[in-house]
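# Understanding the architecture of this molecule
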Amino acid sequence: MSPGKKLKVATASLAGCFGCHMSLLDIDERLFTLLERVELDRSPLTDLKVLSACDLGLIEGGLCNAENVEVLRLFRARCKVLVAVGACAINGGLPAQRNHLDVRECLTKVYGEGSVPNDPELPLPLDQVHPISDVVRVDYFLPGCPPSAEVLWQFLTDLLDGRTPKPGAGLIAYD
Ligand code: SF4
């Protein structure tokens, strides 16, 4: 990254719970330091709806519907570096618990036979929840549910300081 240039970062929550975004906010007062070197683009944190060409895309959540796939492909096309943040993005996480169930049967049980919403505005559910790496190339994986603020801080500062990020080295506990 050239000196003085801010890193342009976009984030998205697909089939996730926003816990990974909360972890990003848990960086707390260091966010001020970060914002001196980072410019936020499309993100639930900015509420910007349009995605520009970005240096970094942080993806929370796996893929549970057609809109998730569309957003993910757009992020891959516009972000130089794409990161799977958290268990849901990496392996489907909790939403993938539905993978052993039949989607049609679930929807019918919830809404009743003949009453399942079918508006063209609604994204079509996928039959299974997928990790994002099933659909696009992913440059880095940050494990955890969610990855801690320390993991995110270390990753972002490594990238900003021109070091190859070693995601979560020494910070991830597998217990
Ligand atoms: S990894 Fe955990 S915290 Fe992050 S979106 Fe999934 S369930 Fe939420």
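Here, the structure is the one placed above.
First, a word on what this report is: a plain description of the structure on this page.

Surrounding the ligand, one finds G16, C17, G19, C20, E60, G86, A87, C88, G144, C145 and P146. Going through the elements one at a time, α1 (19–25) and α4 (87–91) are the ones with two or more residues in the shell around the ligand. Residue classes in the shell around the ligand are distributed as six nonpolar, four polar and one charged.

What follows is about helix α6 (residues 149–160). Count 3.6 residues to each turn of an α-helix, and residues three or four apart come out pointing the same way. For α6, built from twelve residues, the straight-helix expectation of 16 Å at 1.5 Å per residue is met to within 8% by its first-to-last C-alpha distance of 16 Å. With eleven of its twelve residues buried, α6 lies for the most part within the structure. Taken residue by residue, α6 has A149, V151, L152, W153, Q154, F155, L156, T157, D158, L159 and L160 as its buried positions. Just beyond α6, the residue with positive phi is G162, at close to 80 degrees.

In spatial order, the strands read β2-β1-β3-β5-β7; together these five strands make up an open sheet with parallel pairing. On the outer flanks of this sheet lie β2 (38–40) and β7 (140–142), each paired with one strand and no other. If you compare each strand with its neighbour and ignore which way they point, the axes differ by 30 degrees on average. Pairing between strand β1 (residues 7–13) and strand β3 (residues 54–60): five bridges, direction parallel. Opposite A12, over in β3, you have I59 as the bridge partner. Of the strands in this sheet, β1, β3 and β5 (79–85) are in contact with helix α3 (residues 66–78), which crosses β5 at around 135 degrees.

Next up on the list: α3. For α3, which comprises 13 residues, the first-to-last C-alpha distance of 19 Å matches the rise-based estimate of 18 Å (1.5 Å per residue) to within 8%. Within α3, the full set of buried residues consists of N68, V69, V71, L72, F75 and R76. Considered in projection along α3, the buried side chains sweep an arc of 165 degrees and stay on one side of the axis. Seen from the open side of α3, the exposed residues pointing more than 90 degrees away from its buried face are E70 and A77. Those residues of α3 hidden inside the fold are in contact with β1, β3, β4 (63–65), β5 and β6 (125–130). N-capping of α3 is provided by N65, with a side-chain oxygen placed 3.1 Å from the backbone N of E67.

Here is what the cut-offs are and how they apply
- All residue numbers here refer to positions counted from 1 along the written sequence of the relevant chain.
- With pLDDT at 70 or above as the cut-off, local features in this predicted model cover only qualifying residues; side-chain atom pairs require 80 or more to be listed or tallied, and sums for whole chains, interfaces and linings still use all residues.
- Hydrogens and water are ignored here; the side-chain numbers use all heavy atoms of the structure.
- We call a residue near a molecule or strand when any one of its heavy atoms sits within 4 Å of it.
- Only DSSP runs of H or I reaching four residues or more are called helices, and only runs of E reaching two or more are called strands; each is numbered from the N terminus.
- Gly falls in the polar group here, along with every residue not listed as nonpolar (Ala, Val, Leu, Ile, Met, Phe, Trp, Tyr, Cys, Pro) or charged (Asp, Glu, Lys, Arg).
- One less than the residue count of a helix, multiplied by 1.5 Å, gives the span that helix is expected to have.
- Throughout, exposure labels follow a simple rule: accessible area from a 1.4 Å probe, protein chains only, divided by the maximum for the residue type, with under 20% read as buried, over 50% as exposed, and the rest as partly exposed.
- For two strands to count as paired, DSSP must find a minimum of two bridges between them.
- Axis definition: a line fitted to C-alpha atoms, over the contacting stretch in the case of helices. Angles run 0 to 180 degrees between N-to-C directions.
- The contact definition used throughout considers only heavy atoms, calling two residues in contact when any of these lie within 4.5 Å.
- Think of the arc as the fan of directions from the helix axis to the C-beta atoms.
- Distance and chemistry together define a polar contact, namely a pair of N or O atoms within 3.5 Å, with one atom able to donate a hydrogen and the other to accept it when in protein, and with adjacent residues in sequence counting only for side-chain atoms on both sides.

Any functional reading would require information beyond the geometric quantities listed.
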